[in-house]
Structures are given as C-alpha cells and as structure tokens.
Amino acid sequence: MTRLAVENNAINLGQGFPSENGPDSVLAAACAQIASGNNQYAPARGDATLRAAIAADRAERLGHHLNPATDIIITVGATEAIAATILALIEEGDTVAAFEPFYDSYHAMTALVGAHFAPIPLTFDSTRWALDETALRAALTPTTRLLILNTPHNPTGAVFTRHELETIAHIACEHDLIVLADEVYEMLVYDGAAHTPIATLPGMAERTITLSSAAKRFNVTGWKTGWAMGPAHLINSVWKAKQFLTFAGATPLQPAIAHGLSHERAWETAWAADLQARRDFLTTALTDAGFTPYPTAGGYFILADAGAHTQNAAEFCTGPLVKAGVVGIPVSAFVHPTSPAADRFAPLIRFAICRPWDNLRQAASRLVSARF
Ligand code: PMP
C-alpha cells in the first residue's frame, strides 16, 4: 500500500509510522554513542542500562516488577520478540490463538513454524470493540499453547478493560496457556483510559511474555529496537531462539532509548495528547466523507466502516480511495483467510492517525470532496 501511495501521489494513511522526530535528547544520545565508539556487538541479552531503565519504567508506571538481569531481553523490534517467542515455545501441530483482526506477523510466524492459527473475532458491542468470551472459549482446543493479546490493539484501536483482562487471565490459567502480551502501544491511550498489563493480574506473571518497543515510544520505528519481558524460564527460551536469529540488536541505540525511558516522559505524554487530537480530527473527517468510524481508545489507528461506499474494502482501497488521493489498508489484511467473521470485516478500512497534521488535513479535504 505504501508503494501504491507513492505511485499515485496519495496521502499514505496506510502504514503506521510517524514522520515527526521523537525527543531531541534521544536522537542526540544515539549520535553521541556512535561518535564515542560504542559500535561493536551489544551483549546478547541487550545493553544493561536499557534493561535497567525498562525495569524501572514498568515498575514505576504499571507496578510490573521485573529483574533486569533475568527477565528482560532486547530484540530487533517487537517483531523479533514475536518471532523468537513463537519459535521458542511452539512446535509443529500446536495452536496459536489471537484476537482478530490481528497484527499480520502473528499469523505469518505461526505458519512458518508449521503450527495452527486460531483467530478469535472481537465483537463490536455498540460502543467499542470488545472481548467475546464465547468466541475465546470456542477457539481453544487441547493443542492451544499460546494466546496472543495486543492492547492497545492494532488495528481496532481497542484498549482491553481490566474486566476483560481478568476474564482472559482466568481462561489462560484454566487452560494452562502462555500469553504473549503485545503492548507496543502502551503509552498511547486516550481520554484518560488506563493501560493494564495482563502480566500484573493474579496468576499471570509466571505465564506471560510481554513485548514493547522503542518504535512507538520515541517515534523511532526505523531503529527496530524492542524488548521481551517475563519470568526467567520463559525469557531464557525466547533468548535462545533470538540468539540464532540476530544474536544482538543495534548497540549505540540502546543507551539512547534508556535515556528516553528515564528522561522523556513529558514528551511521551504530550505526543499521546497530540495523537488524541489527530484521532478526533480524522474521525470527524471520515464521518463527513460518508464513512462510519469506530471509536479509537488507543494506538496509531482508526477503523472505519466504508459500507456506505462499498462492501469490499480491498477493492475500494486499491481503486476509488487511492484515486481520490488517500491510502488506507483494508482490514481483510488482518483477518484469517478462512475466518467465519471475514464478511463482517470486509467493508472496514484502517487509517493511521500518527501522520503529520498537514497530511491529515490534506487527506480530509480529499476525502470530503471525493465522489465515491
Ligand atoms: N506489534 C504491533 C501490534 C505493531 O503494530 C507493530 C508495528 N506495526 C509491531 C508489533 C512491531 O514493532 P517493531 O517495529 O518494534 O518491530
């Protein structure tokens, strides 16, 4: 879709990346690290200052207590943490379950290890995308080993409530599942909502691997630096898989991210408030253009129902939408090909709110003046 945007000179609200730089002090710290010669292989588990900063940040903000020596490894983006977790814990014939629509790498990695993938459709309960407990229970079989939970959620913008997380935790304990909690959008929650890590709920610390990433915290998606956190026995397994994927991540970036975690909370809070304002702006623009946007409680994206214009968002995105000069991603890209919920998701489009204000204004005027 990004190629299509470039070819058609369209505003790219498809891929989720901010064009604006993160905090100056983080960028300057990375430059200083390179200039001072910190350019050789990082320790295999990652830079010790970064692991200490992650542990301090999680403990202070979320009451999530981790030992930086044993419970955290630095990965090449959250993407490598997802890959290493699935490689480490899942065998051919096992099943990985994930809430649908889902971030595409969960399904791709599961396929690469020859395991089954069980999508669990989220349901829209008239105010928000929500857990469907019946669908969750129905998706679990004796071969299910891993449940992937992403909150704040890409692509729906849902933030799971504490009550939903307690239900999921209860079922995970009942079925002896490991939970992979993808929390890359942990700082981006809107309207005063709270982000609750499932690892902090009773019985969950021992069975949860939590992921996060510098990408979304400091607008450095190109730095590809993330981390996996959890009990030592699980993190050790993930680390062993990671060792033969990349061994170590980019050395000079790691102390710079540690600096950001320790000193740039105010920047992070201001960025989340700015994204909330962009969400409001794009929600109004999409409504004015005849779409029905769903409420977004967190993350980089808005889902909009294009049902007034089309029942097939995939065709609409590569046809009329791009011709109108805007790129969005059909939600079918985040849905299992044989999902029983495929029809329900077929008219939905994901739009990125993390784009610069100029882009959003231009996209809004193109959408409103388009004759779909
Ligand atoms: N998980 C989710 C839900 C994401 O949206 C993304 C990035 N789009 C990632 C993981 C990957 O993060 P990273 O860039 O750190 O690999």
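Located above this text is the structure these notes cover.
Being a predicted model, the structure only gives us computed values, none of them experimental.

Engineer: Sorry, what's going on with the overall build of the chain here?
Structural biologist: A count of helices and strands for the chain gives 14 helices and 15 strands. For the chain, the spread of C-alpha atoms along the three principal axes comes to 60 × 55 × 35 Å. For the chain, buried positions account for 58% of its 372 residues. When contacts within the chain are restricted to residue pairs at least 6 apart in sequence, those whose partners lie at least 24 apart make up 75%. For the chain, the computed accessible surface area is about 14500 Å², with 55% contributed by carbon and sulfur atoms.

Engineer: Mind showing me how you'd approach the layout of surface pockets here?
Structural biologist: Rolled over the atoms, a probe with the dimensions of a water molecule shows which regions are left empty. Approximately 550 Å³ is the volume found for the largest pocket. In terms of lining residues, the largest pocket is bounded by 27 residues, among which Gly-16, Tyr-103, Asn-154, Tyr-185 and Lys-216 are the most central. Residue assignment for the lining of the largest pocket shows that the elements contributing at least two residues are α4 (77-89), α5 (104-112) and α8 (214-217). At 4 residues, α4 tops the list of elements feeding residues into the lining of the largest pocket. Of the residues contributing to the lining of the largest pocket, the split by class is 12 nonpolar, 10 polar and 5 charged. Looking at the second largest pocket, it is lined by 13 residues, and the ones nearest its centre are Glu-186, Met-187, Val-189, Thr-269 and Ala-272. Counting residues per element, the ones that place at least two in the lining of the second largest pocket are α3 (48-62) and α11 (265-288). If one sorts the elements of the lining of the second largest pocket by residue count, α11 sits on top with 6 residues. Its residues assigned to classes, the lining of the second largest pocket comprises 6 nonpolar, 3 polar and 4 charged.

Engineer: When you look at the pairing of strand β12 (residues 301-305) in this model, what are you seeing that I'm missing?
Structural biologist: In summary, the side chains of a regular strand alternate between the two faces of the sheet. Within β12, 4 of the 5 residues are buried, which leaves the element mostly enclosed by the surrounding structure. Relative to strand β15 (residues 348-352), β12 is paired through 5 bridges, and the arrangement is antiparallel. Bridge assignment links Ala-304 to a residue of β15, and that residue is Ile-349.

Engineer: How should I be thinking about the nonpolar core in this particular structure?
Structural biologist: A general feature of soluble globular proteins is that nonpolar side chains tend to end up buried together. The biggest cluster of nonpolar side chains holds 33 residues, and the ones touching the most others in it are Phe-99, Leu-136, Leu-147, Ile-168 and Ile-198. When contributions to this core are tallied by element, the ones reaching two or more residues are β3 (95-100), β4 (116-121), α6 (133-139), β7 (144-150), α7 (162-174) and β8 (178-182). At 5 residues, α7 tops the list of elements feeding residues into this core. Not counting residues up to four positions away in its chain, the partners in contact with Ile-168 are Phe-99, Leu-131, Leu-136, Leu-147, Leu-149, Phe-160 and Ile-198. Membership of the second largest hydrophobic core comes to 32 residues, among which are Trp-271, Phe-291, Phe-301 and Leu-360.

Engineer: Looking at this structure, I do not really get the packing of aromatic side chains. What am I missing?
Structural biologist: Two numbers describe a pair of aromatic rings. These are the distance of the centres and the angle of the planes. Scanning the entire structure with this criterion turns up 17 aromatic pairs. A centroid spacing of 6.3 Å and a plane angle of 90° characterise the contact between Tyr-41 and Phe-247, whose relative ring orientation is edge-to-face. Of this pair, Tyr-41 sits in the loop between α2 (24-35) and α3 while Phe-247 sits in the loop between α9 (232-243) and α10 (253-263), placing them 206 residues apart in sequence. Taking relative accessible area as the criterion, Phe-247 reaches 33% and is therefore assigned partly exposed. Note on Phe-291 and Phe-372: the rings are 5.9 Å apart at their centroids and 75° apart in plane angle, and the pair reads as edge-to-face. Note that Phe-291 is positioned in the loop between α11 and β11 (292-293) and Phe-372 in the segment after α14 (357-369), a separation of 81 residues in sequence. According to the relative accessible area criterion, Phe-372 is partly exposed, its value standing at 32%. One cation-aromatic arrangement involves Arg-344 over Phe-345; the distance from NZ or CZ to the ring centre is 5.6 Å. When the ring centre of Phe-17 is taken as origin, the NZ or CZ atom of Arg-355, which lies over that ring, is 4.2 Å away.

Engineer: Explanation requested: the side chain of His-195 in the structure shown.
Structural biologist: Mapped onto the elements, His-195 comes out in the loop between β8 and β9 (208-213). With relative accessibility at 9%, the residue His-195 sits in the buried group. At 2.9 Å, the side chain of His-195 forms a polar contact with the side chain of Glu-183. Ignoring any residue separated from it by four or fewer positions in sequence, one finds His-195 in contact with Leu-62, Thr-151, Pro-152, Glu-183, Glu-186 and Val-189.

Engineer: Where do I start with α3 in this structure?
Structural biologist: Residues spaced three or four apart along an α-helix point in a common direction, a consequence of the helix completing one turn every 3.6 residues. Taking 1.5 Å per residue as the helical rise, α3 with its 15 residues ought to reach 21 Å, and the 21 Å between its terminal C-alpha atoms agrees with that figure. Three or more residues of α3 are buried, namely Leu-50, Arg-51, Ala-53, Ile-54, Ala-55, Asp-57, Arg-58 and Leu-62. Note on α3: the residue one or two positions beyond its end, Gly-63, has a positive phi of about 65°.

Engineer: I would appreciate a short explanation of the sheet that holds β12 in the present structure.
Structural biologist: Across a sheet, paired strands are connected by hydrogen bonds in the backbone, their directions being either parallel or antiparallel. Strands sit in the order β11-β12-β15-β14 across an open sheet of 4 strands; the sheet is antiparallel. The two strands at the open ends of the sheet, each matched to only one other strand, are β11 and β14 (329-330). Across the sheet, α11 touches β11, β12 and β15, and the angle it forms with β12 is around 15°. Contacts between helix α12 (residues 313-323) and the sheet are confined to β14 and β15, with β15 contributing the most and set at about 55° to the helix.

Rules behind the numbers
- Residues numbered from 1 in each chain as written.
- Predicted model: local features only at pLDDT ≥ 70, side-chain atom pairs only at ≥ 80, totals over all residues.
- Heavy atoms only, no water.
- Helix = DSSP H or I, 4+ residues; strand = E, 2+ residues; numbered from the N terminus.
- Buried < 20%, exposed > 50% of the residue type's maximum accessible area, 1.4 Å probe, protein only.
- Contact = heavy atoms within 4.5 Å.
- Areas by Shrake-Rupley, 256 points an atom, 1.4 Å probe, with all protein chains shown as cover.
- 1 Å grid on protein atoms, 1.4 Å probe; cavity = no way out; pocket = protein on both sides within 12 Å on 5 of 7 lines; lining within 4 Å.
- Points joined across faces, edges and corners; volume = space filled by probe spheres on them.
- Nonpolar A, V, L, I, M, F, W, Y, C, P; charged D, E, K, R; others polar.
- Pairing = 2+ DSSP bridges.
- Core = buried A, V, L, I, M, F, W, Y, C linked by side-chain atoms within 4.5 Å.
- Phe/Tyr/Trp six-rings, centres within 6.5 Å; stacked < 30°, edge-to-face > 60°.
- Lys NZ or Arg CZ within 6 Å of the ring centre and 35° of its normal.
- Polar contact = N/O pair within 3.5 Å; in protein donor to acceptor, adjacent residues only side chain to side chain.
- Expected span 1.5 Å × (residues − 1).
- Axes fitted to C-alpha atoms, helices over the stretch in contact; angles between N-to-C directions.

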